[in-house]
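Per-entry structural report
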Amino acid sequence: MYVFSRRSDERAEPVLTSSLARPSHPVPEPATGSAALRLKTKHDDAGLPVYAHIRPRNLETIPRSSTNPRNRKVRALAFNHKNQELGAVSLDGYFHLWKARGALSRLLSIKLPYCRENVCLTYCEELSLYAVGSQSHVSFLDLRQGHQNLRPMCSREGGTGVRSLSFYQHMVTVGTGHGSLLFYDVRAQKFLEERASAGPDCSPGPTGRKLRLTCGRGWLSHDDLWVNYFGGWDELPNALYTHCYNWPEMKLFVAGGPLPSGLHGNYAGLWS
């Protein structure tokens, strides 16, 4: 794991950002221990972007829980701005927490209740909760002393797993490997449901079906692997690997691609 700093002889300025929406809180500079950054571009005389080179400021080894070094791969990171803490999920099913002021200082490592395919992580400032997505669940971690973790959320979407997560206040948006977005209310501990159409003599009510947004087909490479192993099936769902809200304009950006290993493709969509 790396924390980056800027070399003094380069022209680009690293800052935190998100894909669409500007962060609502002050943005920490890398010198304070930030582990996520982008390079703000400047342009040369020809109008072409000029980027700086960056180097690691700090290197931290993931604690070992098995003899297989491949199991210590970092799959996701989330930054707690208020406490200047960095959370990480590793392939061996552990959650790690570091203090990220100047240098990284490890605070704890805990085994997750569901350890298969932990590939996404997000943090909610308002609720002081980390959420970890796995093959069929979202686990909620409240690391404050004396607080109990919430009941995990089950999301069995054809066994394709949770691939992206985001918090907005008490609402969690879940991107699945089956090409759909689900919405979970942490306080009520249930998914949002579709509402039936209102009739002449009744008001709209819940249908019992989860409210979901389903992505389109995107692009898929029709190569030999697709032909030989998937029989030319052109309706493979796209896993939603990332999503981001633009709340001022009420828009939602979603991107992903095919879930099976070896296939090449992509998908991007914008809801408003």
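What you see is a predicted model, and the numbers here were worked out from it, not measured in a lab.

1. What to know about the nonpolar core
Core analysis: the largest hydrophobic core is formed by 18 residues, its most contacted members being Phe-140, Leu-165, Phe-167, Val-172 and Val-186. Put simply, the parts of the chain that give this core at least two residues each are strand E11 (120-124), strand E12 (129-133), strand E13 (137-141), strand E15 (162-168), strand E16 (171-176) and strand E17 (180-185). If one sorts the elements of this core by residue count, E15 sits on top with 3 residues. The next biggest cluster of nonpolar side chains, apart from the first, holds 11 residues, and it includes Val-89, Phe-95, Tyr-130 and Val-132.

2. Quick look at the sheet that holds strand E22 (residues 219-220)
Overall, antiparallel pairing links the 4 strands, which are arranged E22-E25-E24-E23 in an open sheet. If you trace the sheet from one side to the other, it starts and ends with E22 and strand E23 (238-246), each paired once. The pairing of E23 with strand E24 (residues 251-258) spans 8 bridges and is classified as antiparallel. Opposite Ala-239, over in E24, you have Gly-257 as the bridge partner.

3. Observations concerning unusual backbone geometry
Glycine aside, residues mostly have negative phi angles, and peptide bonds mostly take the trans form. Although it is not a glycine, Ser-128 sits at a positive phi angle of roughly 55°. Here Ser-128 is to be found in the loop between E11 and E12. Of note, Gln-169 is a non-glycine position whose phi angle comes to about 55°, a positive value. In this fold, Gln-169 is placed in the loop between E15 and E16.

4. Some remarks on the environment of His-96
Relative to the elements of secondary structure, His-96 occurs in strand E9 (residues 94-101). Between the C-alpha atom of His-96 and that of Ile-62, which follows or precedes it by 34 residues, the distance is 8.1 Å. Setting aside its immediate chain neighbours within four residues, His-96 contacts Ile-62, Pro-63, Leu-86, Gly-87, Ala-88, Ser-90, Leu-108 and Ser-109. Polar side-chain contacts of His-96 include one of 2.7 Å to the side chain of Ser-109.

5. Focus: the side chain of Asn-118
Mapped onto the secondary structure, Asn-118 falls in the loop between strand E10 (103-111) and E11. Since its relative accessible area comes to 3%, Asn-118 is described here as buried. Separated by 3.1 Å, the side chain of Asn-118 and the backbone oxygen of Tyr-114 make a polar contact. Within the structure, Asn-118 has its side chain in polar contact with the backbone oxygen of Cys-115 (distance 3.3 Å).

Definitions and cut-offs
- Residues numbered from 1 in each chain as written.
- Predicted model: local features only at pLDDT ≥ 70, side-chain atom pairs only at ≥ 80, totals over all residues.
- Heavy atoms only, no water.
- Core = buried A, V, L, I, M, F, W, Y, C linked by side-chain atoms within 4.5 Å.
- Buried < 20%, exposed > 50% of the residue type's maximum accessible area, 1.4 Å probe, protein only.
- Helix = DSSP H or I, 4+ residues; strand = E, 2+ residues; numbered from the N terminus.
- Pairing = 2+ DSSP bridges.
- Contact = heavy atoms within 4.5 Å.
- Polar contact = N/O pair within 3.5 Å; in protein donor to acceptor, adjacent residues only side chain to side chain.

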